[in-house]
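Commentary on secondary and tertiary structure
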Amino acid sequence: MGGGRSETSALSGAGEARGLTTTQNSQRPNACCFCWCCCCSCSCLTIRNEEERRKRRRRKRISQDTKMETKLEPCPKPSVEEIRMWSQSFDKLMRNPAGRNVFREFLRTEYSEENMLFWLACEDLKQEINKSAIEEKARSIYEDYISILSPKEVSLDARVREVINRKMQDPSPHTFEDAQLQIYTLMHRDSYPRFLSSNIYKTLVQGGSRSSSES
């Protein structure tokens, strides 16, 4: 009798254990998904956080009424040929002052004008030869576009930020060279295709074509 009860209790305990194990397994996250997330350094979460951070930055910029520099580069009115050439390559657009001005206006509509402002500031720094002026401009660029506290902070990866922090110990005209290239590439791959299909650019092309036919 006692042995029968013991066997029954053992079987019951084993059944409960199996049931508990099944329940735990059903609640356990998918192992493949978990491994993928860890191996990729939680890339999906990083992308989502970065996007949320950019949205917060935009809202903050609007709520605080942060003023971007509105002064455009002085340049003559672009010809029809110049306007059409901007669609041939991003390099041709960026080499043309009028092209940079129009592209900058487009970036403003996407809340990313700081990318062009940073690129222009780096170009200006490259022309400087006075040591004290270089240090002052480098510090200004860092505070305006590199610091995470700035509403105009540009998106740079950790490696480039590390390089900048090291070079800021002894600033030179090329302190932000890596960062400038990264932002140039970002504008080229991300913003430039949308610019070519935007109303801003299409209106310019159509307006130039109309003026050309009327004359």
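A quick note: this is a predicted structure, and the numbers were derived from the prediction, not measured.

Before going further, it helps to examine the overall build of the protein chain. A tally of regular secondary structure across the protein chain gives 11 helices and zero strands. Moving toward the C terminus, one meets the helices and strands of the protein chain in the order α-α-α-α-α-α-α-α-α-α-α. Considering only contacts within the protein chain whose residues lie at least 6 apart along the sequence, 63% involve residues at least 24 apart. A total of about 13,800 Å² of accessible surface is found on the protein chain, and carbon and sulfur atoms cover 55% of it.

Side chains that differ in sign of charge can pair as their charged atoms come close. In this structure the tally under the stated criterion is 10 salt bridges. Across the pair Glu73 and Arg100 runs a salt bridge, and its minimum N-O distance is 2.7 Å. Separated by 27 residues along the polypeptide, Glu73 in the loop between helix H3 (43–63) and helix H4 (80–85) and Arg100 in helix H6 (residues 97–109) bring together distant segments of the chain. Accessibility expressed as a relative area gives 22% for Glu73, which makes it partly exposed. In this structure, Glu110 engages Arg194 in a salt bridge whose closest nitrogen and oxygen atoms are separated by 2.7 Å. Of this pair, Glu110 sits in the loop between H6 and helix H7 (113–126) while Arg194 sits in helix H10 (residues 177–196), placing them 84 residues apart in sequence. Salt bridges here are not isolated pairs; linked through shared partners, they connect Arg104, Arg108 and Glu113.

On to the nonpolar core, then. Residues Phe103, Phe118 and Phe176 are the most contacted members of the largest nonpolar core, which totals 34 residues. At the level of elements, helix H5 (90–95), H6, H7, helix H8 (131–146), helix H9 (158–167) and H10 are the ones that each hand at least two residues to this core. The biggest single contributor to this core is H7, with seven residues. Not counting residues within four places of it along the chain, the set of residues in contact with Phe103 comprises Phe90, Leu93, Met94, Met116, Met187, Ser191, Tyr192 and Phe195.

Moving on to the packing of aromatic side chains. All told, the structure shown has 10 aromatic pairs when counted by the stated rule. With a centroid separation of 5.6 Å and an interplanar angle of 75 degrees, the aromatic rings of Phe90 and Phe103 are classed as edge-to-face. Here Phe90 is found in helix H5, whereas its partner Phe103 is found in helix H6, with 13 residues between them in sequence. The exposure class of Phe103 is buried, given its relative accessible area of 0%. The interplanar angle of 35 degrees and the centroid separation of 6.3 Å between the aromatic rings of Trp119 and Tyr184 together place this pair among those described as tilted. Highlighted residues: Trp119 in helix H7 and Tyr184 in helix H10, separated in sequence by 65 residues. The buried category is assigned to Tyr184, whose relative accessible area is 18%.

Relative to the 22 Å expected for 16 residues at 1.5 Å per residue, H8 spans 21 Å between its end C-alpha atoms, a close match to the ideal helical length. Residues Ala133, Ile134, Ala138, Ile141, Tyr145 and Ile146 constitute the buried set of H8. All buried residues of H8 lie within an arc of 135 degrees about the axis, which places them on one face of the element. Contacts from the buried residues of H8 go to H7 and H9.

To continue, consider unusual backbone geometry. Look at Tyr111: it is not a glycine, yet its phi comes out positive at around 55 degrees. Examined against the element boundaries, Tyr111 turns out to sit in the loop between H6 and H7.

So, about the confidence of the model for the protein chain. Averaged over all residues, the pLDDT of the protein chain is 78; the fraction at 70 or higher stands at 64%. Across residues 14–48, where pLDDT falls below 50, the model places five contacts with residues more than four positions away in sequence or in other chains. Ignoring residues within four places in sequence, the model shows residues 62–66, a span with pLDDT below 50, making three contacts including any to other chains.

At a minimum axis distance of 10 Å, the contact between H7 and H10 shows a crossing angle of 145 degrees. The interaxial crossing formed by H7 with H10 has left-handed handedness. Contact with H7, carried on its side by Asn115, Met116, Phe118, Trp119, Cys122, Glu123 and Lys126, involves Ala179, Gln180, Ile183, Tyr184, Leu186 and Met187 of H10 and no other residues of that element. Tallied by class, residues from the contact of H7 with H10 come to nine nonpolar, two polar and two charged.

Parameters and conventions
Residues numbered from 1 in each chain as written. Predicted model: local features only at pLDDT ≥ 70, side-chain atom pairs only at ≥ 80, totals over all residues. Heavy atoms only, no water. Helix = DSSP H or I, 4+ residues; strand = E, 2+ residues; numbered from the N terminus. Contact = heavy atoms within 4.5 Å. Areas by Shrake-Rupley, 256 points an atom, 1.4 Å probe, with all protein chains shown as cover. Salt bridge = Lys/Arg side-chain N within 4 Å of Asp/Glu carboxyl O. Buried < 20%, exposed > 50% of the residue type's maximum accessible area, 1.4 Å probe, protein only. Core = buried A, V, L, I, M, F, W, Y, C linked by side-chain atoms within 4.5 Å. Phe/Tyr/Trp six-rings, centres within 6.5 Å; stacked < 30°, edge-to-face > 60°. Expected span 1.5 Å × (residues − 1). Arc of directions from axis to C-beta. pLDDT = per-residue confidence, 0-100. Axes fitted to C-alpha atoms, helices over the stretch in contact; angles between N-to-C directions. Left-handed = near helix turned anticlockwise from the far one by under 90°. Nonpolar A, V, L, I, M, F, W, Y, C, P; charged D, E, K, R; others polar.

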